[in-house]
Amino acid sequence: MKKDSGKMELMAPAGNFESLQAALENGADSVYFGVEQLNMRARASINFTMDDLPEIVKRCEAKGGRSYLTLNTIVYDHDLSLIKNLLSAAKEAGITAVIASDQAVIASARGMGIDVHISTQLNITNIETVKFYSLFAETMVLSRELSLRQVKNISEQIQKEQIKGPSGELVKLEIFGHGALCMAVSGKCYLSLHSHNSSANRGACKQNCRKKYTVIDQESGFEIEIDNEYMMSPKDLCTINFLDEVMEAGVQVLKIEGRGRAPEYVATVTRAYREAIDSWYEGTYSEEKVADWMARLSTVYNRGFWSGYYLGQKLGEWSKTSGSQATQKKVYVGKGVHYFPKAGIAEFKIEAYDIKKGDKILVTGPSTGAQEFELEEMFVNDLLSEKAGKGDSCTIKVPFRVRLSDKLYKMVEA
């Protein structure tokens, strides 16, 4: 496990093993994930099971990373036995910490000797709340609605008053740095519950806010479409273009949102923020690098970008279209068939669209993660070829191991 180097910790999402591996291989210091149904992405991703916990810990430790289990939904009486079973399994597997918001989960975890991180769902907005939860946790995710000025003030007060957690270490502050934002305060929304009896606060959000609405005057029947915007659907948060200000505010953990997003999203976003954080410490953070990172971030799923409330904005910036504004999309091509380790060559069966020399290729898999590269050379049916089509068997030299479960895609303009 990585020791605390004093550098900002980069935390990446893992909704499945593909994303977990993609996060670890692209520079994440830690990953967070859900198990079973008691996490805020219970329906948005292929969640892990209790049986997966040892493998998750093993993979994280192999890369020197930390593992965080999210148990941050609303908890009812009938959930308590499952909570205790999950915590016991997490303790046995060696999970680094649990991200929690319900006091029952916090108390149970502390009683078992498991470190706790306070979730954003608890809506921490001031130093006195930090003091209270320092009795239970070292790391706290601040409310998403705070400005960097407010974050910095809390950080300075922690230093000034020497506010420490249970281990005797100063409390660490964590914020969301990139990804989807909810229109509701710290994610507390009831639209999905009212419309579909499917509670967002139980990890089952139907994302009503991401749709386009028309406002109707009930007295006159007059309808108005509000500025052609998705009036409840915020753009995605992005802090990479003012990461220097984030660092200077005293943030110690930067979290990427996206447990429901694809492994190539996790890979691309994690790599960009890894480079940005490292460049700040090296003194090479620059506008030119920011422009390159922004271009790369735009290639994967996004609803457009804005700075959240960190720079003092009082109102959100709303999406103008439904779904992603990514500049690229992936197209399924085929699957892995065999790998020749000595030669470093992978064999693929082409099942759908063709691929050709110069294409940007993506390979994903539970152990492979998300690997992208440009296709420079391939053999089709043992002959050097510029192109491979449906039904062909092709071999490609790759700098990573390919497995039978791996899928082959090509990246095209969206």
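Right, let's walk through the structure included here. If you're wondering where the values come from, they're calculated on a predicted model, not measured in any experiment.

Checked against the element boundaries, D359 lands in the loop between strand 15 (355-356) and strand 16 (360-365). D359 sits in the buried class, given a relative accessible area of 10%. Reaching out from D359, the side chain makes a polar contact with the backbone nitrogen of K356 at a distance of 2.8 Å. The contact partners of D359, leaving out residues within four places of it in the chain, are D354, F373, E374, L375 and K410.

Scanning the entire structure with this criterion turns up 18 salt bridges. Between D29 and R274 there is a salt bridge; the shortest N-O distance is 3.0 Å. Of this pair, D29 sits in the loop between helix 1 (17-25) and strand 2 (30-34) while R274 is found in helix 9 (residues 263-282), placing the two residues 245 residues apart along the sequence. This pair shows no difference in class: D29 is buried, exactly as R274 is. A salt bridge links R274 to D278; the nearest nitrogen and oxygen atoms lie 3.1 Å apart. Note that R274 and D278 are positioned in helix 9 at a spacing of four residues, about one turn of the helix.

This part covers the side chain of D29. Since its relative accessible area comes to 11%, D29 is described here as buried. At a separation of 3.0 Å, a polar atom in the side chain of D29 contacts the side chain of R274.

Turning our attention to the packing of aromatic side chains. The description of two aromatic rings rests on the distance between their centres and on the angle between their planes. Going through the model one piece at a time under the given rule, you end up with 10 aromatic pairs. Plain terms: the ring middles of F33 and F48 are 5.9 Å apart, the flat faces sit at 90° to each other, and that makes the pair edge-to-face. Here F33 is found in strand 2, whereas its partner F48 is found in the loop between strand 2 and helix 2 (53-62), with 15 residues between them in sequence. In terms of burial, F33 and F48 fall into one category: buried. With centroids separated by 5.8 Å and ring planes inclined at 75°, the aromatic side chains of Y332 and Y409 adopt a geometry described as edge-to-face. Linking Y332 in strand 13 (residues 328-340) with Y409 in strand 22 (residues 407-413), this pair joins segments that are 77 residues apart in sequence. Given the relative accessible area of 11%, Y409 is considered buried. Grouping aromatic residues by their ring pairs yields a cluster made of F17, F33 and F48. The ring of F176 has R144 sitting right over it, with the charged end atom 4.3 Å from the ring centre. Of note, K255 hangs over the ring of Y32, and the distance from its end group to the ring centre comes to 4.8 Å.

The strand order across the open sheet formed by eight strands is 17-16-22-13-14-21-18-19, and the pairing between neighbours is antiparallel. Edge positions in the sheet fall to strand 17 (369-374) and strand 19 (383-385), since each of these pairs with one other strand and no more. If you compare each strand with its neighbour and ignore which way they point, the axes differ by 35° on average. Bridging between strand 16 and strand 22 involves five bridges; their strand directions are antiparallel. The residue bridging V363 from the neighbouring strand is L408, located in strand 22. Across the sheet, helix 1 touches strand 16 and strand 17, and the angle it forms with strand 17 is around 65°. Its contacts with the sheet put helix 9 on strand 13, strand 16 and strand 17, and the angle it makes with strand 17 is roughly 75°.

Calculation notes
Sequence positions are assigned chain by chain, starting from 1 and proceeding in written order. Local features are withheld for residues below a pLDDT of 70 in this predicted model, meaning they are given only at 70 or higher, and side-chain atom pairs are given and counted only at 80 or more; totals for whole chains, interfaces and linings count all residues. Remark: hydrogens and water are excluded; side-chain values derive from all non-hydrogen atoms of the structure. In this description a helix means any DSSP run of H or I spanning at least four residues, a strand means any run of E spanning at least two, and both kinds are numbered starting from the N terminus. Residue burial is assigned from relative accessible area. The probe radius is 1.4 Å, only protein chains are included, and a residue is buried under 20% of its type maximum, exposed over 50%, and partly exposed in between. Whenever two N or O atoms come within 3.5 Å, that pair is a polar contact, provided that in protein one can donate a hydrogen and the other can accept it, and provided that, for residues adjacent in sequence, both atoms are side-chain atoms. What makes two residues a contact is simply this: any of their non-hydrogen atoms within 4.5 Å. Salt bridges are counted wherever a side-chain nitrogen of Lys or Arg sits within 4 Å of a carboxyl oxygen of Asp or Glu. Pairs were defined over the aromatic rings of Phe, Tyr and Trp, the Trp ring being its six-membered one, requiring ring centres within 6.5 Å. Orientation was assigned from the angle between planes: stacked under 30 degrees, edge-to-face over 60, tilted for the rest. Remark: a charge is flagged as sitting over a ring if the NZ atom of Lys or the CZ atom of Arg is within 6 Å of the ring centre and within 35 degrees of the ring normal. Being paired, for any two strands, means DSSP has found at least two bridges between them. Helix axes are fitted only over the stretch in contact, all axes being lines through C-alpha atoms; the angle between N-to-C directions runs from 0 to 180 degrees.

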